[in-house]
Amino acid sequence: MNNKNTICLWYDGAALEAAQFYAATFPDSAVQAVHQAPGDYPMGKQGDVLTVEFTVMGIPCLGLNGGPAFQHNEAFSFQVATDDQAETDRLWDAIIGNGGQASACGWCKDKWGLSWQITPRVLTAAIANPDKAAAKRAFEAMMEMTKIDIAAIEAALKG
């Protein structure tokens, strides 16, 4: 690992599976290296996959197979800015369709419990609109959604 700062994500034995899913799903993502344990450790045996170096949309990550002691939660998430409904749908559906679960306002979790915000750029611009009434309508529309519907956000902006 050559990066000064890397996100370490804890998995219960599924770091390689998760990294491969992210690499196949998100652009500018790849698995760089898989490291096996040089000896037995509390959650595994010598030769088991211990860590996986990967990138998610250019962000360096290290997947650690540390066991079940720590679970992912919403305090950490990847926010993915999408350009259109097709990209929003593709990423959302990939996460949900691979054992994930939907949440509110564009949030979802993958099957390993990692949270994702699939956020169309249109939404980000809409809730920052200088027209406060338009921004409020877009925000209120978003609050009723699971996956973000760009056409509905645009309609709310217009009133």
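Residues numbered from 1 in each chain as written. Predicted model: local features only at pLDDT ≥ 70, side-chain atom pairs only at ≥ 80, totals over all residues. Heavy atoms only, no water.

For the protein, an unreviewed UniProt entry supplies the name VOC family protein and the organism Pseudomonas hefeiensis.

K.L.:
When you look at the sheet that holds strand 1 (residues 7-11) in this model, what are you seeing that I'm missing?
P.N.:
Pairing is mixed across the open sheet formed by four strands, whose spatial order is 1-4-3-2. The outermost strands of the open sheet, each flanked by one partner alone, are strand 1 and strand 2 (30-36). With direction set aside, neighbouring strand axes in the sheet form an average angle of 20°. Direction of pairing for strand 2 relative to strand 3 (residues 49-56): antiparallel, over a ladder of six bridges. Bridging from a neighbouring strand, Ala-30 pairs with Thr-55 of strand 3. Helix 1 (residues 15-25) rests against strand 1, strand 2, strand 3 and strand 4 (59-65) of the sheet, and its axis sits at about 15° to strand 3. (Pairing = 2+ DSSP bridges. Helix = DSSP H or I, 4+ residues; strand = E, 2+ residues; numbered from the N terminus. Axes fitted to C-alpha atoms, helices over the stretch in contact; angles between N-to-C directions. Contact = heavy atoms within 4.5 Å.)

K.L.:
Looking at this structure, I do not really get the sheet that holds strand 8 (residues 115-120). What am I missing?
P.N.:
Either a parallel or an antiparallel arrangement is found when strands of a sheet pair, and the pairing is made through backbone hydrogen bonds. Spatially, 5-8-7-6 is the arrangement adopted by the four strands of the open sheet, whose pairing is mixed. The open sheet is flanked by strand 5 (77-82) and strand 6 (101-102), the only strands paired with a single partner. As defined by bridge partners, strand 5 adjoins strand 8 across six bridges and the pair is classed as parallel. When the bridges of strand 8 are listed, Ser-77 appears paired with Ser-115. Strands in contact with helix 2 (residues 85-97) are strand 5, strand 6, strand 7 (107-109) and strand 8; relative to strand 8, the strand with the most contacts, it is inclined by about 165°.

K.L.:
Is there a simple way to think about the UniProt feature "domain: PhnB-like" (unreviewed entry) in the protein in this case?
P.N.:
Taking the UniProt record as the reference, the feature "domain: PhnB-like" (unreviewed entry) is found at residues 4-119. Taken as a whole, residues 4-119 contains 21% helix and 37% strand, while its terminal C-alpha atoms sit 28 Å from one another. (UniProt positions renumbered as here; feature names shortened; annotations may be inferred.)

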